[in-house]
Amino acid sequence: MPGSLIYCSRSNLNILIVRVSSLGDVVHNMPLLADVHRHFPDAQIDWVVEEAYTDLVGLNPHVRSIIPIALRRWRKRLWSASVRAEIAAFYRRLRAVEYDLVLDTQGLLKTGLVMQMARLAPGGRRAGLANATEDSGYEPLSRLFHHLSVTVELRAHAVARGRAVAAAALGYAATDEIDFALQAPAASTSASRPWSELNRYAVFFHGTAGADKQWPIASWREIAAMLAARGMPVLLPWGDRKELARAQQIAADLPNVQVLPQLNLMDAVALAQGAALAIGVDTGLTHVAAAYCRPTIELYIASPRWKTEGYWSPNIVNLGDAGAVPSVAEVAAAIDNLLGPADPAAELLSDPANRWA
């Protein structure tokens, strides 16, 4: 496909982003929206995303319309009449707007097919990734659907990849300014967010699908005990029964640690957004906390740090790397760096506003 950039002589562009998953990758795609609006203030941006993440994308004010896709669910019942009706409705919605630019920042065959289905305005173009980054799931056939394929560095950060595609397609240079533009989730009841009455709390995002990405339970417990000396409650979310069992092991006999009920995505995002301290492994909700620039400690254990580490705020500390497990001492030092030294006079949960029922 031609390699020249897409020249745009007007600002009121219709732009479609195709980035369907996963949670962390959807979050890391958001700074390109602020980039586009910085250079094209009247641009109208729509986004195709997996149905599970529509509410998350809706927190970004730069998005005009969200087009849900349900590839994960559809492929399980592809020949059912109801699924075929949903696919037809998705296609009609995707074709309802003429787009001046369609961006595929995921680089998969399925996302290339989605961008191909979108309706282009006269002179409209499609742009995507020209190459894989190291150990990524990039599929070279996705280039078949591009008018412009953008080459990125082999170790381009997850945030940088999407920003590079948009900048090359629209003819501007990405700056050092990174703005996720995420608004806070809407308020909810204390029944669904039991932490809402706490003045401050820490949250441990301990759960991850990969066993090799997990930090030792004993290490979590040591850090929880250190936070008890600061009078800080620790909240433990979980996503499945294995993570629940792990949370219960971390919390056992620690009076400042609470295992939360199972949360939906927006409640989990609110948990991250409101934390006085978030500590987590390389998982989506850790990256959500970092996107909100909350005091966040990211723990890299089996995955390379360069791919997703938070580098846009002094409130984020990245520890470890693939094959280099962070120590308790390193995490403790990071807590002191983010929150200041512990007050020796602090009493465990001495403030009634830091108690839960």
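This text goes with the structure placed above it.
Computed from a predicted structure; not experimentally measured.

**Some remarks on the sheet that holds strand β5 (residues 120–129)**
Move 1: Strand order in this open sheet of six strands is β3-β2-β1-β4-β5-β6, and the pairing throughout is parallel. Strands at the two margins of the open sheet, each flanked by one partner only, are β3 (63–69) and β6 (148–150). With direction set aside, neighbouring strand axes in the sheet form an average angle of 20°.
Move 2: Here six bridges tie strand β2 (residues 44–50) to β3, and the two strands are oriented parallel to one another. Its bridge partner lying in β3, V49 is registered against P68.
Move 3: Packing against the sheet, helix α5 (residues 81–94) makes contact with β1 (14–18), β2, β3 and β4 (99–104), and its axis sits at approximately 155° to β3.

**Remarks on the packing of aromatic side chains**
Move 1: Within the structure shown, the criterion is met by six aromatic pairs.
Move 2: With 5.9 Å between their ring centres and 65° between their planes, W74 and F90 make a pair best called edge-to-face. On the criterion of sequence distance, the pair formed by W74 in helix α4 (residues 71–74) and F90 in helix α5 is long-range, its members being 16 residues apart.
Move 3: By relative accessible area, which is 7% here, W74 ends up buried.
Move 4: When the ring of F204 is compared with that of W220, the centres are 4.9 Å apart and the planes differ by 35°; the resulting orientation is tilted.

**A closer look at empty space enclosed by the protein**
Move 1: Summed over the entire model, instances satisfying the criterion amount to one cavity of 30 Å³ or more.
Move 2: Each pocket or cavity is described by its volume, and for the largest cavity that value is around 40 Å³.
Move 3: What lines the largest cavity is simply R19, D25, H28, N29, T105, A158, R161 and G162.
Move 4: Broken down by secondary-structure element, the contributors of at least two residues to the lining of the largest cavity are α1 (23–28) and α7 (158–170).
Move 5: Ranked by the residues each element gives to the lining of the largest cavity, the list is headed by α7, at three residues.
Move 6: Residue composition of the lining of the largest cavity, by class: one nonpolar, four polar and three charged.

**Looking at the pattern of salt bridges**
Move 1: Considering all chains together, one arrives at 13 salt bridges under this definition.
Move 2: One salt bridge connects R163 with D35, and the closest N-O pair in it is separated by 2.6 Å. Highlighted residues: R163 in helix α7 and D35 in helix α2 (residues 31–39), separated in sequence by 128 residues. Of the two residues, R163 and D35, both sit in the buried class.

**Overview of α5**
Move 1: For α5, built from 14 residues, the straight-helix expectation of 20 Å at 1.5 Å per residue is met to within 8% by its first-to-last C-alpha distance of 20 Å.
Move 2: Among all positions in α5, only V83, F90 and L94 are buried. Burial along α5 is one-sided: seen end-on, the buried residues are contained in an arc of 35°. Exposed positions of α5 whose direction lies more than 90 degrees from the buried face are A81 and R92.

**Points about unusual backbone geometry**
Move 1: Residue S22 is reached from S21 by a cis peptide bond, and omega for that bond is -10°.
Move 2: Topologically, S22 is positioned in the loop between β1 and α1.
Move 3: The phi dihedral of A181 is positive, around 60°, even though this residue is not glycine.
Move 4: Examined against the element boundaries, A181 turns out to sit in the loop between α7 and β7 (202–205).
Move 5: Its relative accessible area of 18% is what places A181 among the buried residues.
Move 6: With phi around 65°, D253 is a residue other than glycine that occupies positive phi space.
Move 7: Among the secondary structure elements, D253 is positioned in the loop between α9 (241–251) and β9 (257–259).

**Description of the layout of surface pockets**
Move 1: Its volume calculated, the largest pocket comes out at about 720 Å³.
Move 2: Around the largest pocket, the lining comprises 30 residues; the ones closest to its centre are R19, S22, D25, R161 and T308.
Move 3: Sorting the residues of the lining of the largest pocket by element identifies α1, α7 and α11 (284–291) as the ones contributing at least two each.
Move 4: For the lining of the largest pocket, the leading source of residues is α1, giving four residues.
Move 5: The residue makeup of the lining of the largest pocket, split by class, is eight nonpolar, 15 polar and seven charged.
Move 6: Approximately 390 Å³ is the volume attributed to the second largest pocket.
Move 7: Looking at the second largest pocket, it is lined by 18 residues, and the ones nearest its centre are W238, G239, E243, T283 and L285.
Move 8: Listed by contribution, the elements that provide at least two residues to the lining of the second largest pocket are β7, α10 (265–273) and α11.
Move 9: Broken down by class, the residue content of the lining of the second largest pocket amounts to nine nonpolar, seven polar and two charged.

Conventions we followed
- Residues numbered from 1 in each chain as written.
- Predicted model: local features only at pLDDT ≥ 70, side-chain atom pairs only at ≥ 80, totals over all residues.
- Heavy atoms only, no water.
- Pairing = 2+ DSSP bridges.
- Helix = DSSP H or I, 4+ residues; strand = E, 2+ residues; numbered from the N terminus.
- Axes fitted to C-alpha atoms, helices over the stretch in contact; angles between N-to-C directions.
- Contact = heavy atoms within 4.5 Å.
- Phe/Tyr/Trp six-rings, centres within 6.5 Å; stacked < 30°, edge-to-face > 60°.
- Buried < 20%, exposed > 50% of the residue type's maximum accessible area, 1.4 Å probe, protein only.
- 1 Å grid on protein atoms, 1.4 Å probe; cavity = no way out; pocket = protein on both sides within 12 Å on 5 of 7 lines; lining within 4 Å.
- Points joined across faces, edges and corners; volume = space filled by probe spheres on them.
- Nonpolar A, V, L, I, M, F, W, Y, C, P; charged D, E, K, R; others polar.
- Salt bridge = Lys/Arg side-chain N within 4 Å of Asp/Glu carboxyl O.
- Expected span 1.5 Å × (residues − 1).
- Arc of directions from axis to C-beta.

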